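Chain by chain, the residues run as shown.
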Amino acid sequence: MTRVSRMLAAGGLLLAALGAVAQDCPRPTIGLALGSGGAGGLAHIAMLEVFDELELRPDGMAGTSIGAVMGALYAAGLDAGEIKALFREFGGSALDPLSGLARGGEAPGWRDLLTVDLESGGFIDADGFLDFIAGHFAAREFAELEIPLQIVATDYWSGKAHVFREGDLLTAVKASMAVPGLFAPVSFGDELLMDGGAADPLPVDLLGEFDVVVAIDVTGVRKQSGDDVPAITDLLFKTFDIMQQSIIRSKMKANPPDIYIKPELTGVRLLHFDRVDEIVGAVKGDAEELRARLRAVTACP
């Protein structure tokens, strides 16, 4: 055998060995749960950036409320940078949900894309927002998504979670984000659907089929500040946060995720979508934790 022949043979053996190692160490399947939390859910963008940077594609996703919005955008093919740009464009103003007054910024924002809808059981009609995000992707049915997605809403009558896995995507998103008293509930057959956070704010229980379950909890935290009494809007919507956190603790005991990330978000109100860069920047440390833990669970031994 000539020297060249020996080199080619050795190279062939090396490639075969590398192929065998790759077959012996397949990447685990990953399920990603994106939780509810109003504008705090902009932190999801930082976590999706980590998946993009590591070139890791979730094999399945489940989302509730703002997590359903983010999940639909990502599963439809937008990367984290494109989602951030979308919310920069949208977040021209932060709307006080009870006064109806927008503060600061230029359109397009909540003032332009949302209209008062008291007769339908909510303060705001979300159709303008849904039309806005729908203009950024082509999928209209779950079957058209690039990543399998489950979206959680809550049936007002039974109090049980309604999980969308097929059919009209925007109907599912609208139902999942229908915060009681703010957005009108959605009629769906015999059900009246509202925010999924009332039943399953962090849907880790829907991802049991995957090797690794990653859960991003954006319900935020509350910090005492002197003798100040919270404003009525904070009392109303932060009380909903407290309820969701209690549900999350209970569900995680039964279905603990492999990776749990809860950014310490404070001072973010429900509709502060004009603060996308601030919120994404504030959770860089949590994103670094997610990056390290994803690398660890996907590394070959």
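Residues numbered from 1 in each chain as written. Predicted model: local features only at pLDDT ≥ 70, side-chain atom pairs only at ≥ 80, totals over all residues. Heavy atoms only, no water.

1. Examining the pairing of strand β10 (residues 191-195)
Okay, so step 1: In this sheet, β10 lies alongside strand β7 (residues 149-155) in antiparallel orientation, the contact comprising 3 bridges. Following the sheet pairing, D155 is matched in β10 by L193.
Okay, so step 2: Strand direction decides the pairing type here: strand β9 (residues 186-188) and β10, joined by 3 bridges, are antiparallel. Of the residues in β10, the one forming a bridge with F188 is E191. (Pairing = 2+ DSSP bridges. Helix = DSSP H or I, 4+ residues; strand = E, 2+ residues; numbered from the N terminus.)

2. Topic: the pairing of strand β1 (residues 30-34)
Okay, so step 1: The element β1 is extensively covered by neighbouring structure, given that 5 of its 5 residues are classed as buried.
Okay, so step 2: Side-chain alternation along β1 places I30, L32 and L34 on one buried face and G31 and A33 on a second face that is also buried.
Okay, so step 3: Here β1 runs beside strand β11 (residues 212-216); their pairing, made up of 5 bridges, is parallel. Counted as the bridge partner of G31 is V213 from β11.
Okay, so step 4: Note that β1 and strand β2 (residues 60-64) share 4 bridges and pair parallel. (Buried < 20%, exposed > 50% of the residue type's maximum accessible area, 1.4 Å probe, protein only.)

3. Regarding the environment of E49
Okay, so step 1: Locating E49 in the fold gives a position in helix α2 (residues 43-53).
Okay, so step 2: In this structure the C-alpha to C-alpha distance between E49 and V280, which are 231 residues apart in sequence, comes to 9.9 Å.
Okay, so step 3: Once residues within four sequence positions are removed from consideration, E49 is found in contact with A80, K84 and V280. (Contact = heavy atoms within 4.5 Å.)

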